Structures are given as C-alpha cells and as structure tokens.
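The primary structure of each chain is shown beneath.
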Amino acid sequence: MKGKQWIKLSGVRNAFYATCMFALITAGSAFAGGTLRVATMGEPASLDPHKVSGTWENYVVGDMFLGLTTENPKAEAVPGVAESWTISDDLKTYTFKLRKTNWSDGTPFTANDFVYSMQRILLPETAAEYASLLYVIEGAEEINSGKAAPETLGVTALDDYTLQVQLVGPAPYFLDLLTHYTAYPVPRHVIEKVGNDWTKPENMVVNGPYKLVEWLPNTHVKLTKNEQYYDAGNVSLDNLTFYTQEDRAAVQKRFRAGEIDVAMDFASDQIDWLRENLPNETRIAPYLGVYYYPMNTSVPPFDDIRVRQALSLSVNREAIVDRVLKTGEIAAYSFVPPGVSYYEKPAEVEWKDMPYPERVKKAKALLAEAGFNKDNPLKLTLRYNTSENHKRVAVAVQSMWKQIGVEAQLHNSEVKVHYADLKQGDFQVARAAWIADYNDAQNFLYLLETRTGANNYGRYSNEKFDSLMQQAEVTADLKKRAEMLYQAEAQAMADQPVIPIYHYVSKNLVSQKVDGFVDNAKDIHRWRYITIKE
C-alpha cells in the first residue's frame, strides 16, 4: 500500500482531558466520584450490543463497551481501543494499532476479540437485526445471508495488537461507523462458557469504562466504574443509574424533585412551563434524526402507491411542528435530514410546495382511484409507542386523515413491544424514528434497502433504489456518490413507503450540577466525560 500515514489523534484526546482537569481545578466546585441518575425513556431489550437497536439502549451499553473508535463529548469519532490507524490509497483497507488493555475480569484484550465479535454479529444464528450496518466490510453480507463461512470476513488479526479491515468500497463514514455498538467487541471467553447468560450481572465482562452491577427490568440498570478500563484514571463518576420508565410527565416530576439528573426527552406540551421555570436545565439542540410513519407495503392496501401517497399528502407537517410540538422541529418532506455530510441537499417529495387544501383534494382523488369512498372508507390502525408526544402527533394525524375519509384507530404499546412488532412486520402504519449512527445519508437511506431486513419496517423493495444504493457503496468520488444517494432518495420519496413528518431537535433536561454534558447533533453522551458539581 502506498502513501500510508499513521493517523494519531491521541493528542486531541489528551488535550481534552487537560482542559477538563484545568476546569475541575479552577472551578473548585466539581469533584470526582458520585452517582449520575439518567432517565433513558425506555426498557432495554438486551444489554448485548449485538442485539440492541435503540437510543435508549445506546445510552447504557455505550459506556460498557469501547469500539475501535469512540465518541468525544461532541459525538465526534476519536480513538477508542485503536490508538492509531492507516488507510490505503484506494480507501478500502484500514489497519489499526490497538492499545494494550484488559477486559473487566483482567483477561488481556487482543485483536482477535474484534475478529470474533464482527464474525459473531454477522452469523445468521445471532439474529442481529442491525448486522446489515456492517455490510460495507468485505464478505459481511454473504456471511449474514448464510452464503459464506465467517472466516471469509475481511477482518484479520495481523498480530495481537494489529487489526486489518477490508472494505467492499470507499466509505467516508467508516471511522464514524466504528463508534457504533454493532462494531463493539464482546468477550468470546465468557460467551463460549455461559452462552446467552453472559449478559447477567454475575457473568458480564466488558471493556468500557463501566460494568454492570444490577438490571431490574422495568425499573433501572446500575453500572459501576471498571477499574480495568485503560483510561479509568480520567473517569470521574463512580456509578451510573439508568431509569427506564417512559412516562415523560412522571420523569419530569422526578427531575424537579432532584431524583434524576438527566432526562433524555420531555413532553413538548411542557415547553412553555419549562422555558419559564427551568430555562437553564431545558436543552434543545439540532439533532440528526427523522420522525416518520412507515407503511407496511407488504400488505393491502398499503401495497398500493395511491393509498400511501394519499396518506402522506394529507399530513400537515407545519401544523404538527408549529402547533402540536412547538419546540423547533423542522417539517420533513425528505427522509434524510438537512445538514448531513457529503450530501448537499436531500431529495424532497415533488408536492412539497403544493398548498395544503390542494393536497387534501388530491389525496381524496387518489383514495377514490384506489376504491375508497364514503361507502367503503379506508380503515387502518396507527400504532405508536408510549410517549405524550407520540400520542399528540398521532391524534393530530388521525384528525388530518379523517378529513379525507380515513378511519384511523390508534394503538399504543411500550417501546420494546412496539419495535418488536415493527421488526416482525406486524403493523399497518406506525410511528418510528431514526437517529444517525454516523453523519452520512447512507445511514438513513439504507433503512429502505431490501437487504436491510427487519429494520426496513415497511418491507419496501425497489430494484432501482437497491441498485443505486449498492453503486454508491463502491463509488469513491464523493460527488458522484452523493448524486446516486440523491437519486435513490428521490425514488423512495416518489414511492412513499414512509411518511416523513419532522426532523428532530434533541430535548433534554440536565441538572445544573451536571458538568460536561455537551449538546451535539447525534445526541450521544458518554457519561465517562461527566462530572457532578455540588
């Protein structure tokens, strides 16, 4: 490989810690130790990083495991287990130098732990719903679809502390992707000994800054500092407690009572009160995410494009963001949010600028063409997971659909059940959201690829869309790649398998005694950087 140059970012990390230490010394009010209490707004389906898929789970497992790269307080990729790396001239081969570190039980960590872990998540028997995120690695898709042996994966341990990863094509987002939990290492020596019980507190071994102490389902998850973590000396908090209840109103009361330090969401209808009474604790920031309703294209009548277009046309996004939410969200007419790297402008629906009354009229006409009218109204069930905000949006959409003759019944369930149903295709229309795992349009659009599997909730399948996505995957020219992704999104917006409703802002409540919480576009916060002031 020619033109290789070792990239060393450890200086950046050291500078960050030096800044933190200076702030601690000069502030005089922060101290090491203590417990941070975080409301995650959802019960984890698992603590196995290969079997989770939600932001509420990422808040927990993201400080139990450390990938080759990890996030800094701004959620930017920085060295993790890898302390440096080289990239080949064709941008397809990454060679990582690893730190010498241990698992939490003292077992030495080696490059083979990454080889095992990346093979494991791709094995069909692991049934990892997020495995397709790694299809950019050579051989990953073939292994995940059962067509190749795990040993054919393009991930090789050159020695105990050198790992090489071969990609199918240049991926400008690859170092960002490696911060994601799908790329976390898991302890082979424990999994082979106790099987699926490896995530129980008495068995669980991790390589991140915190390890599991207790998991009481539907109540809390407790972690404590991992003294084997390579950078434990720079981790301030001794303990983390994650409360999993989803009732935003109840969480807000607990926050006001001082029982919770950070709440990772709040009900939008509380915004006026919060701005008046807790202005310093109320944090709203731009967020790379889309709130949308997938429609199950594998079942009638949602396999009819006229029905899907009618439902989308009649949703008044501006009314939802301006009158229902009122916290700065952006009305969405594209699936990819604005401001994504290497993607100048998202592809929006053609009718975005059509006056709303005309959209309603067109929606009625499309439903009539599809055979629905007063005597034969379209009846559907709209599902959403527990949240005051989701309910208020669903009630608003139900009313908007009523004016075009659609009878929508609302169905609510807790988040774990809700997403399990979506992944199994057990729904007609449902609420969903996607938050960027890495800052790239591909991370949103891949949800609509046929090969994505369970995370393609609506089972959308279009040959042209799939072909464009796979061409983009192997295209090095960033401008040409962006054009292909744009064409793919335009195809999806024409087919309308999903109804984009709004692009997110993050909404958190953060106690003033919490120091080091940095608003960022991915709303990812690694608690290892936090200190408590008293």
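Note that the coordinates shown come from a computational prediction; the quantities given were computed from them, not determined experimentally.

A short note on the sheet that holds strand β16 (residues 379-385)
Reading across the sheet, the three strands line up as β17-β16-β18 and stay open at both edges, with parallel pairing between neighbours. The open sheet has two free edges, formed respectively by β17 (407-413) and β18 (429-430), since each of these has just one partner strand. Strand direction decides the pairing type here: β16 and β18, joined by two bridges, are parallel. Residue pairing across strands places Arg 383 opposite Ala 430, the latter belonging to β18.

Description of the pairing of strand β14 (residues 282-294)
By the criterion of burial, β14 is predominantly enclosed, with 10 of the 13 residues buried. Pairing analysis gives four bridges linking β14 to strand β19 (residues 432-435), with the strands arranged antiparallel. Considered in β19, the bridge of Gly 289 is made with Ile 435.

Some remarks on unusual backbone geometry
Keep in mind that most residues, glycine aside, have a negative phi and that most peptide bonds are trans. In this structure, Pro 301 follows Pro 300 across a cis peptide bond, with omega equal to 0 degrees. Looking at where Pro 301 falls in the secondary structure, it is placed in the loop between β14 and α9 (305-313). For Asn 218, which is not glycine, the phi torsion reads 65 degrees and is therefore positive. As for its placement among the helices and strands, Asn 218 is situated in the loop between β10 (210-216) and β11 (220-225).

Focus: the confidence of the model for the chain
The predicted coordinates should not be examined in detail at positions where pLDDT is low. Scored by pLDDT, the chain has a mean of 92; 94% of the residues are at 70 or more. With pLDDT under 50 throughout, residues 1-28 is counted as low confidence; its partners more than four residues away or in other chains account for 37 contacts.

Quick look at helix α15 (residues 463-473)
Among all positions in α15, only Phe 465, Asp 466, Leu 468, Met 469, Ala 472 and Glu 473 are buried. Viewed end-on, α15 has its buried residues packed into an arc of 165 degrees, placing them on one side of the element. On its buried side, α15 packs onto α14 (442-445) and α16 (478-495). Of the residues that open α15, the one with a side-chain oxygen 2.9 Å from the backbone nitrogen of Lys 464 is Asn 462.

Points about the side chain of Thr 327
Relative to the helices and strands, Thr 327 is located in the loop between α10 (317-325) and β15 (330-331). By relative accessible area, Thr 327 is classed as buried at 2%. Polar contacts involving the side chain of Thr 327 include one to the side chain of Glu 329, which spans 2.7 Å. With residues near it in sequence (within four places) discarded, Thr 327 still touches Phe 266, Ser 268, Ile 271, Arg 275, Ile 284, Val 321, Val 505 and Lys 507.

Each value, and the rule that gives it
Residues numbered from 1 in each chain as written. Predicted model: local features only at pLDDT ≥ 70, side-chain atom pairs only at ≥ 80, totals over all residues. Heavy atoms only, no water. Pairing = 2+ DSSP bridges. Helix = DSSP H or I, 4+ residues; strand = E, 2+ residues; numbered from the N terminus. Buried < 20%, exposed > 50% of the residue type's maximum accessible area, 1.4 Å probe, protein only. pLDDT = per-residue confidence, 0-100. Contact = heavy atoms within 4.5 Å. Arc of directions from axis to C-beta. Polar contact = N/O pair within 3.5 Å; in protein donor to acceptor, adjacent residues only side chain to side chain.

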